[in-house]
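# Reading the structure
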Amino acid sequence: MGVLTHNLNETAEIIGATKNPYGDRVIGSRTTVACRFRYITQLDKQNYAEGISMSDAIIWFEPTAPIEEDTIVKTSGKFWRVETLVRAKGFRGGVLFLKAFVKKEAMPDGG
């Protein structure tokens, strides 16, 4: 259990996706996890630099969530691709939570 568990009051689907020979994403397995989602506003982009300038939103996850960079996540009815994944570590070295900077992703029908 991470330090943000009590704030992760939304759900997201982590989409297992591969690419076919033509470079299109093919949807595979789905895993539902707890998360916290927030759009990045223009004000955020002007005032903060940590991964925000090129991202559309931030999603926080439990430290055990099966997510990596380039993973596709569905939340709030939209698809997002993880651009940057930050593993927030505590003073004792353990990961406290995952912070994903994401961009909106177009997915094929059936997503």
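Preceding block: the structure.
Let me begin by describing the structure that accompanies this report.

Calculation rules
Residues numbered from 1 in each chain as written. Predicted model: local features only at pLDDT ≥ 70, side-chain atom pairs only at ≥ 80, totals over all residues. Heavy atoms only, no water. Pairing = 2+ DSSP bridges. Helix = DSSP H or I, 4+ residues; strand = E, 2+ residues; numbered from the N terminus. Axes fitted to C-alpha atoms, helices over the stretch in contact; angles between N-to-C directions. Salt bridge = Lys/Arg side-chain N within 4 Å of Asp/Glu carboxyl O. Buried < 20%, exposed > 50% of the residue type's maximum accessible area, 1.4 Å probe, protein only. Phe/Tyr/Trp six-rings, centres within 6.5 Å; stacked < 30°, edge-to-face > 60°. Polar contact = N/O pair within 3.5 Å; in protein donor to acceptor, adjacent residues only side chain to side chain.

## Section: the pairing of strand S4 (residues 72–75)
As judged from the three bridges shared by strand S1 (residues 10–19) and S4, these two strands associate in the antiparallel manner. The residue of S4 that forms the bridge with Ile-15 is Ile-72. Bridging between S4 and strand S5 (residues 78–89) involves four bridges; their strand directions are antiparallel. When the sheet's bridge partners are listed, Val-73 is paired in S5 with Trp-80. Counting the residues between successive antiparallel strands, the hairpin from S4 to S5 contains two residues, one of them, Ser-76, with a positive phi of roughly 55°.

## Quick word on the sheet that holds strand S6 (residues 95–104)
Either a parallel or an antiparallel arrangement is found when strands of a sheet pair, and the pairing is made through backbone hydrogen bonds. Taken in spatial order, the six strands of this closed barrel run S1-S2-S3-S6-S5-S4, and their pairing is antiparallel. In this sheet, adjacent strand axes meet at a mean angle of 45° when their direction is disregarded. Bridge analysis of strand S3 (residues 57–61) against S6 gives five bridges, and the strand direction is antiparallel. Its bridge partner lying in S6, Ile-59 is registered against Ala-100.

## Here we look at the pattern of salt bridges
Within this structure, the stated rule accounts for six salt bridges. One salt bridge in this structure joins Arg-81 and Asp-70, with 3.7 Å as the shortest N-O distance. Taken as a pair, Arg-81 in strand S5 and Asp-70 in the loop between S3 and S4 lie far apart in primary sequence, 11 residues in all. Arg-81 gets classed as partly exposed once you look at its relative accessible area, which sits at 22%. With its nearest N and O atoms 3.4 Å apart, the salt bridge here joins Arg-81 to Glu-105. Pair noted here: Arg-81 is in strand S5 and Glu-105 is in the segment after S6, with a separation of 24 residues, a long-range link. A single salt-bridge network, built from bridges that share partners, covers Asp-70, Arg-81, Glu-83 and Glu-105.

## Concerning the packing of aromatic side chains
Overall, the coordinates contain three aromatic pairs when judged by the stated rule. On the basis of an interplanar angle of 85° and a centroid distance of 4.9 Å, the ring pair of Phe-37 and Tyr-39 is categorised as edge-to-face. Judged by its relative accessible area of 39%, Tyr-39 is partly exposed. Ring geometry for Tyr-39 versus Trp-80: centroids 5.8 Å apart, planes at 70°, classification edge-to-face. Of this pair, Tyr-39 sits in strand S2 (residues 25–39) while Trp-80 sits in strand S5; the two residues are 41 residues apart in sequence, bridging distant segments of the chain. With relative accessibility at 1%, the residue Trp-80 sits in the buried group. Ring pairs connect the aromatic residues Phe-37, Tyr-39 and Trp-80, which therefore count as one cluster.

## Details of the environment of Thr-71
Within the fold, Thr-71 resides in the loop between S3 and S4. C-alpha of Thr-71 to C-alpha of Leu-85: the two residues are 14 residues apart in sequence and 9.8 Å apart in space. At 2.7 Å, the side chain of Thr-71 and the backbone oxygen of Glu-68 are in polar contact.

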